[in-house]
Amino acid sequence: MALSSVLEENIRYIEEHLPVKDSFDLIYRHLYLGKTKAFFLGVNGFCKTDVLQQIISDLQNPMYMSDSHVEEIEHYMNSKIGYAQVSLSDSWEAIIRNVLSGPAALFIDGFAQAIMIDVRTYPARGVEEPDLERVTRGARDGFVETLLFNANLIRRRVRSSQLVFAMHSVGSESKSDVAVAYLENTVNRELLNKLTSTLDSIRATALTMGAKSLEELLLRKHWWNLMPSMQVTERPDVACSYLMEGHILVLVDNSPQVLILPCTIFQFTQNPEDYYKSPAVGSYFRMVRFLCIPVSLLLLPLFLLVTAHFPDNAAAWGLLSDTDLTPQRLFFYVIAVEFLLDLFKYSSSLSSGKFSGSLSIVGGLIIGDIAVTLNWASTDVLFYAAVTLLASLAITDADFSDAIRLYRILLILAAGFGGLTGFLVCIVLVLLSIATTPTFGGFSYFWPLFPFNGKALGRLLFRSPTSRAQPSKVWDRGEVH
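Right, let's walk through the structure included here. (Residues numbered from 1 in each chain as written. Predicted model: local features only at pLDDT ≥ 70, side-chain atom pairs only at ≥ 80, totals over all residues. Heavy atoms only, no water.)

## Overview of the nonpolar core
By size, the foremost hydrophobic cluster in this structure holds 43 residues, and its most contacted members are Met227, Phe303, Leu304, Val334, Phe400, Ile434 and Tyr445. Looking at this core, the elements with two or more residues in it are α9 (279–309), α11 (327–350), α13 (379–394), α14 (398–435) and α15 (454–461). Among the elements that line this core, the one with the most residues is α14, at 12 residues. Leave out the neighbours within four places in its chain, and Ile434 touches Met227, Ile265, Tyr407, Tyr445 and Phe446. Core analysis: the second largest hydrophobic core is formed by 25 residues, Leu192, Ala211, Val250 and Phe440 among them. (Core = buried A, V, L, I, M, F, W, Y, C linked by side-chain atoms within 4.5 Å. Buried < 20%, exposed > 50% of the residue type's maximum accessible area, 1.4 Å probe, protein only. Helix = DSSP H or I, 4+ residues; strand = E, 2+ residues; numbered from the N terminus. Contact = heavy atoms within 4.5 Å.)

## What about unusual backbone geometry?
The phi torsion of most residues other than glycine is negative, and most of the peptide bonds are trans. A cis amide bond, omega 10°, links Trp447 with the succeeding residue Pro448. Residue placement: Pro448 occurs in the loop between α14 and α15. Between Phe450 and the following residue, Pro451, the backbone shows a cis peptide bond with an omega angle of -10°. Topologically, Pro451 is positioned in the loop between α14 and α15. In the Ramachandran plot, Lys175 falls in the positive-phi region, its phi being about 50° despite a non-glycine side chain. One can find Lys175 in the loop between β6 (163–170) and β7 (176–183). In this model, Asn254 sits at a positive phi of 75°, which is unusual for a non-glycine residue. Mapped onto the secondary structure, Asn254 falls in the loop between β9 (248–252) and β10 (258–261).

## Considering the packing of α9 against α14
Contact pair α9 / α14: the axes reach a minimum separation of 9 Å and the direction vectors enclose 25°. One way to sum up the angle between α9 and α14 is to call them roughly parallel. Considering only the axes of α9 and α14, their crossing is right-handed. Residues Ile293, Ser296, Leu297, Leu298, Leu300, Pro301, Leu302, Leu304, Leu305 and His309 of α9 touch α14, and the partners they reach there are Phe400, Ile404, Tyr407, Arg408, Leu411, Ile412, Ala415, Gly416, Gly419, Leu420, Phe423 and Ile427. Looking at the contact of α9 with α14, its residues break down into 17 nonpolar, four polar and one charged. (Axes fitted to C-alpha atoms, helices over the stretch in contact; angles between N-to-C directions. Parallel < 35°, antiparallel > 145°, perpendicular 65-115°, else oblique. Left-handed = near helix turned anticlockwise from the far one by under 90°. Nonpolar A, V, L, I, M, F, W, Y, C, P; charged D, E, K, R; others polar.)

## Observations concerning the packing of aromatic side chains
Summed over all chains, the structure comprises 12 aromatic pairs. Taking the centre distance of 5.8 Å and the plane angle of 85° together, the rings of Trp223 and Trp224 count as edge-to-face. Under the relative-accessibility criterion, Trp224 is labelled partly exposed at 38%. On the basis of an interplanar angle of 70° and a centroid distance of 5.0 Å, the ring pair of Phe331 and Phe417 is categorised as edge-to-face. (Phe/Tyr/Trp six-rings, centres within 6.5 Å; stacked < 30°, edge-to-face > 60°.)

## Let's talk about the pattern of salt bridges
Within this structure, the stated rule accounts for 15 salt bridges. With a shortest N-O distance of 2.9 Å, Arg120 and Asp118 are connected by a salt bridge. For the salt bridge of Lys277 with Glu273, the shortest nitrogen-to-oxygen distance reads 3.2 Å. On the basis of relative accessibility, which here comes to 27%, the residue Lys277 falls in the partly exposed class. For Glu273, a relative accessible area of 13% puts it in the buried group. In this structure, a network of salt bridges that share partners links the residues Glu129, Arg134, Arg140, Arg235 and Asp237. (Salt bridge = Lys/Arg side-chain N within 4 Å of Asp/Glu carboxyl O.)

## Overview of the sheet that holds strand β2 (residues 36–43)
Each strand in a sheet pairs with another by means of backbone hydrogen bonds, the pair being arranged parallel or else antiparallel. Strand order in the open sheet formed by five strands is β1-β2-β4-β5-β3, and the pairing between neighbours is antiparallel. One side of each edge strand has no neighbouring strand; the edge strands of this open sheet are β1 (26–33) and β3 (86–89). Taking each pair of neighbouring strands and ignoring which way they run, the sheet shows an average axis angle of 25°. In terms of strand pairing, β3 meets strand β5 (residues 114–117) through four bridges, oriented antiparallel. Bridge pairing links Ser89 to Ala114 in β5. (Pairing = 2+ DSSP bridges.)

## A short note on the pairing of strand β4 (residues 104–108)
In terms of residue burial, β4 counts as a mostly covered element, since five of its five residues are buried. Of the two faces of β4, the one lined by Ala104, Leu106 and Ile108 and the one lined by Ala105 and Phe107 are each fully buried. As paired strands, β2 and β4 are joined by four bridges and run antiparallel to one another. What sits directly across from Phe39, in β4, is Phe107. Once β4 ends, the chain turns through five residues before running back antiparallel as β5, passing Gly110 with a positive phi of about 100°.

## Things to note about the sheet that holds β6
Across the sheet, which stays open at both edges, the five strands sit in the order β6-β7-β9-β10-β8 with antiparallel pairing between neighbours. Edge positions in the sheet fall to β6 and β8 (231–233), since each of these pairs with one other strand and no more. Taking each pair of neighbouring strands and ignoring which way they run, the sheet shows an average axis angle of 25°. Strand direction decides the pairing type here: β9 and β10, joined by four bridges, are antiparallel. Looking across to β10, one finds that Ile248 is bridged to Leu261. Contacting β6, β7, β8, β9 and β10, helix α8 (residues 236–244) crosses the sheet at an angle of about 50° to β7.

## What about the pairing of β5?
Within a regular beta strand, the side chains point alternately toward one face of the sheet and then the other, so they alternate between its two faces. Alternating positions in β5 separate into two faces, Ala114 and Met116 on one and Ile115 and Ile117 on the other, with burial throughout. Two elements, β4 and β5, share four bridges in a ladder whose sense is antiparallel. Bridged to Phe107 within β5 is Ala114.

## Some thoughts on α8
Most of α8 sits out of view: seven of its nine residues are buried. Close packing links the buried residues of α8 with α5 (147–157), β6, β7, β8, β9 and β10. A positive phi of about 95° marks Gly246, the residue just after α8.

## Remarks on the side chain of Arg289
In this fold, Arg289 is placed in helix α9. Judged by relative accessible area, Arg289 falls into the buried class, the value being 10%. In contact with Arg289, other than residues within four places in its own chain, are Thr269, Gln270, Asn271, Asp274, Ala394 and Thr396.

Below, the structure is given as structure tokens:
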């Protein structure tokens, strides 16, 4: 709907569609620019008050007006408002969306356009290193909840004329800003067009959980697909490294997380720590991290399978110090310890940083010792469970680690109730669940293993020197579906 050239009609429209008289954070002023009536509208706390005061003070200064009336709004805006970010708008939908996002609106009697003055400022926390992606050396900054700040962190690292931030609005009520970042000369056009059309066609009320809500709206998964289908990062250096390799970044306002498209399973095994160390050391720790994945998934289920159903083999291999334990008690021990470890991990992650370390150490020592004394666990089970926990913590991506944990619990239940047959059947189901994990754009989840790309696979498995770390051209991943 277009504006009216009559100021009083525009004011009535504002009062009908915005709670300007009821909501304390909406600020408005009736002004005079010489003898021309005007109306100001903005959101308290979103506007830089000192800049606004200076602009309005200048506009009301008699020495500023060559005559007593505003004759032409575009000429008036260009000659009288020295602030950089100003524009004209004649659409009520665009004006209301912009005002609720931060910019202020100035309506002038006699004109069917409003002057939008972008003096917005948002409450923001400091740019700090994300807790889940810490490194011993390297950059200490991280994405925050302000979209503009996140775009600046990327632009600061990639000062390319090809870098584009395309803006979209998602959510019929929230009108959340979503920016798609890509390099014009390397982006996969088919993937970009599919992402753009999907964002514009999303029917949702609001992105209440920011990037996580958008992730679930972009790609619908079945309940049996536990593996993450999109990589998420809070580190600008990680996001920029993928950007330079032809990936697309999706930034959501009010969320410190950035989505990276397309995605493969091997991306969850990478860590920026590898690139802040020498190539040999980085490759070694990358191999350790790869080894932690099967250890985290299979160690406890295999321990239960062998000790409970093949006691002769367990005794020959020295897996148990107490050979009198029945299969039922071993199964109970493993389930109880698995629950306790998840409880420690969850409680320590949610508790204050001042107490989380002490909570984990004291809780593990005291509860573990008492559990053994009360026959709720055994020292052997505690040992294998502790190794499993350490292997899980070594996996970089939290969503990937959580999926491995759920698969591990299923394998434990299958080994406990079904023995070797149940374990093998569950292994097949786990592999099918991973293999059928969908990705946005229909790319292979196992690239570069399938379709095979030896050079790209080598770069994923081993830390290459900086001179050879990035491909000379964008990796070919196949067609977009």
